[in-house]
Amino acid sequence: MKKNESNSSTEGSSALMADVARLAGVAISTVSRALANPGRVNEKTRARIAAAAEELGYTPNAAARNLRVGKSNVIMIVLPGSLHYGASQIIPQVLEAVNRTVIRNGYNLMIANLDRDESSERHILDLAFGGTVGGALILSSQLPVVANRSLAEAGLPIVSLLLDMSDTAVPSVITNDRQAVKEAARELLALGHRRFFYICGPSGNYHDVERYAGLVEAVREAGLSEDSVTRSGGELTYQFGFETGLRAAEDFARLAEKPTAVVATSDDMAISFMSRVQKMGWRVPEDLSIVSFDGSPVCAYCAPPLSTIEQPMVALGETATEVLIARMEKSEVVSDLRSVIPSRFIRRESIALAN
C-alpha cells in the first residue's frame, strides 16, 4: 500500500514537518513558512511542498490546495474585546459555531482580540497585509484602522457578524435587533404597561441604537411619546453589564414616578438590576416587569425566570463563516450583502400585567 493511500482516511497523520521538508527537498523553516504564510514562498517551491504534504497526509486537503495556489487557509475572527462577558455567552457561542464550520470546510481558525488600542489593531493589520490569513470575520466591531491603513484595503474577503456594514459593501450577517425589541415591547404594552425604563449599552453603539429605536417605535405605535421611556446607562461597554445594571437600579430608585416595565439591552444588565431592585423592596413581576436581550441560558434559572430576546448565535456564526468561505473560494453562489437571521422572544415569569 502506498503512503498516500494509507493516510487517505484521515485529515492528517503522524508525519512530521521534517518528513515533508525531506521529501520536498527544502528546509524545515521553508515548510513552516509555506504552511503559515504561503504567499511568501515562491510558486515552484510551494508546489513541491504541497505535493509532499499531500502525499504524507500532513495537512488537510483544503490546506494542500491552498498551498498550490498561494492562498492562506487561515480564517481570522476579530473579537470586540475580552472573551469574558459575564452571563451573556455571545462570544463563546459564536466561536464554537464558527470553529465547527471552519473545520468542516478544511480551514483553520485564528482568534484576534480587538481591544481598540493601536498595538492590537496594528497586529491584526500586519497579519492581514502579510498574507497570514485568507479571510476575516469581524465580530460586532468596526474594521481595524491604523495610520490611514484599513483592513478593508488588505485585499481579503471580509464578513461582518452582528454589525451591519452592508452600506460600505462589507457582507454582513446580523439579527433583527430593532424588530425583536419592538415585538417584546408590544407584549408589554398589551399587558397595560405605559411607562418604560430602558437600560442602555454604550452611547452610540450600533446595537443600542437599534434596540432603543425598537422600543420607541413600539410606544409611538401605541400613541405614546418618547417621554414615556426613561433611559439609564450609556457610559460603560457591554463587558461591564453587571455594573451598568447596578447603576441603573440606583437611577430607578431616584425616580419620582416609577416605570412599570424595564427593557435591558443585555442579560447581564437585567440580572444585576433585578437582583438589586428586589433587595430594595420592589417585586418582580408584581411591581415591575423586566425583559432582557441575548438569551443566555442562565436567564431561565433567575428568580423569577427572566424573559429575554434570544439571539440565534449558532445560526449567525455558521452563516457568516459559510458566506466568508464562499467568497474566499470565489463560489458561483454569491450571497446578499445583508443577511438577517431573526431573534426570538422567550416569555417567562419576569413580566405580568401592569398595576
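Figured I'd write up the structure that's included with this text. Predicted model, so just to flag it, every value in this text is computed and none were measured. (Residues numbered from 1 in each chain as written. Predicted model: local features only at pLDDT ≥ 70, side-chain atom pairs only at ≥ 80, totals over all residues. Heavy atoms only, no water.)

## Quick look at the sheet that holds strand β2 (residues 108–113)
For clarity, the threshold we go by: Two strands are counted as paired when DSSP detects at least two bridges linking them. The numbering of helices and of strands both runs from the N terminus, where a helix is a DSSP run of H or I of at least 4 residues and a strand a run of E of at least 2. The angle between two axes is taken between their N-to-C directions and runs from 0 to 180 degrees, where each axis is a line fitted to C-alpha atoms and a helix contributes only its stretch in contact. Throughout, a residue-residue contact means that at least one pair of heavy atoms, one from each residue, lies within 4.5 Å.
Read across the open sheet, the six strands follow the order β2-β1-β3-β6-β7-β13; overall the sheet is parallel. Two strands bound the open sheet, and with one partner strand each, they are β2 and β13 (338–340). The mean inter-strand angle of the sheet, taken between neighbouring strand axes irrespective of direction, is 20°. Across four bridges, the pairing between strand β3 (residues 135–139) and strand β6 (residues 158–161) is parallel. Counted as the bridge partner of Leu137 is Val159 from β6. Packing of helix α12 (residues 313–328) onto the sheet brings it into contact with β1 (74–79), β3, β6 and β7 (172–174), and relative to β6 it is tilted by some 170°.

## Topic: the pairing of strand β9 (residues 229–233)
Counted only if it meets this: Clockwise travel from the first strand over the helix to the second, with the strands pointing away from the viewer, marks a crossover as right-handed.
By the bridge criterion, five bridges tie strand β8 (residues 196–200) to β9 in an arrangement that is parallel. Within β9, the position partnered with Ile199 by the bridge is Ser232. In terms of handedness, the path from β8 via helix α9 (residues 206–221) over to β9 forms a crossover that is right-handed.

## Concerning the packing of helix α6 (residues 90–104) against α12
The relative placement of two packed helices is expressed as an angle between their axes plus a distance between the axes. The following threshold applies: Should an angle lie under 35 degrees it is considered roughly parallel, over 145 roughly antiparallel, and from 65 to 115 roughly perpendicular; all remaining angles are considered oblique. Two helices that cross are described as forming a left-handed crossing if the nearer one is turned anticlockwise from the farther one by less than a right angle, and a right-handed crossing if clockwise. Gly is placed with the polar residues, together with every amino acid not listed as nonpolar (Ala, Val, Leu, Ile, Met, Phe, Trp, Tyr, Cys and Pro) or charged (Asp, Glu, Lys and Arg).
Axis separation between α6 and α12 bottoms out at 8 Å; the angle between their running directions is 40°. Between α6 and α12, the angle is such that the two are oblique. Where α6 crosses over α12, the handedness of that crossing is right-handed. Facing α6, whose interface residues are Ile90, Gln93, Val94, Ala97, Val98, Arg100, Thr101, Val102 and Arg104, α12 presents Met313, Val314, Gly317, Glu318, Thr321, Glu322 and Ile325. Of the residues belonging to the contact of α6 with α12, the class tally is eight nonpolar, four polar and four charged.

## A short note on the packing of aromatic side chains
Keep this limit in mind: Each Phe, Tyr or Trp ring, with Trp reduced to its six-membered ring, pairs with another whose centre is within 6.5 Å; inter-plane angles below 30 degrees give stacked pairs, above 60 give edge-to-face pairs, and intermediate values give tilted ones. When accessible area is computed with a 1.4 Å probe and restricted to protein chains, residues below 20% of their type maximum are described as buried, those above 50% as exposed, and intermediate ones as partly exposed. When the NZ atom of lysine or the CZ atom of arginine is within 6 Å of a ring's centre and also within 35 degrees of its normal, the charge is said to sit over that ring.
Scanning the entire structure with this criterion turns up five aromatic pairs. Aromatic side chains Phe197 and Phe252 sit 5.5 Å apart centroid to centroid with 75° between the ring planes, which places their arrangement in the edge-to-face category. With a gap of 55 residues between them, Phe197 in strand β8 and Phe252 in helix α10 (residues 241–254) connect regions that are remote in the sequence. Since its relative accessible area comes to 1%, Phe197 is described here as buried. Judged by relative accessible area, which is 1%, Phe252 ranks as buried. Members of the aromatic cluster, connected to one another through ring pairs, are Phe197, Phe252, Phe273 and Trp282. The ring centre of Phe293 lies 3.7 Å from the NZ or CZ of Arg211, which sits over that ring. Above the plane of the ring of Tyr212 lies Arg231, whose end atom (NZ or CZ) is 4.2 Å from the centre.

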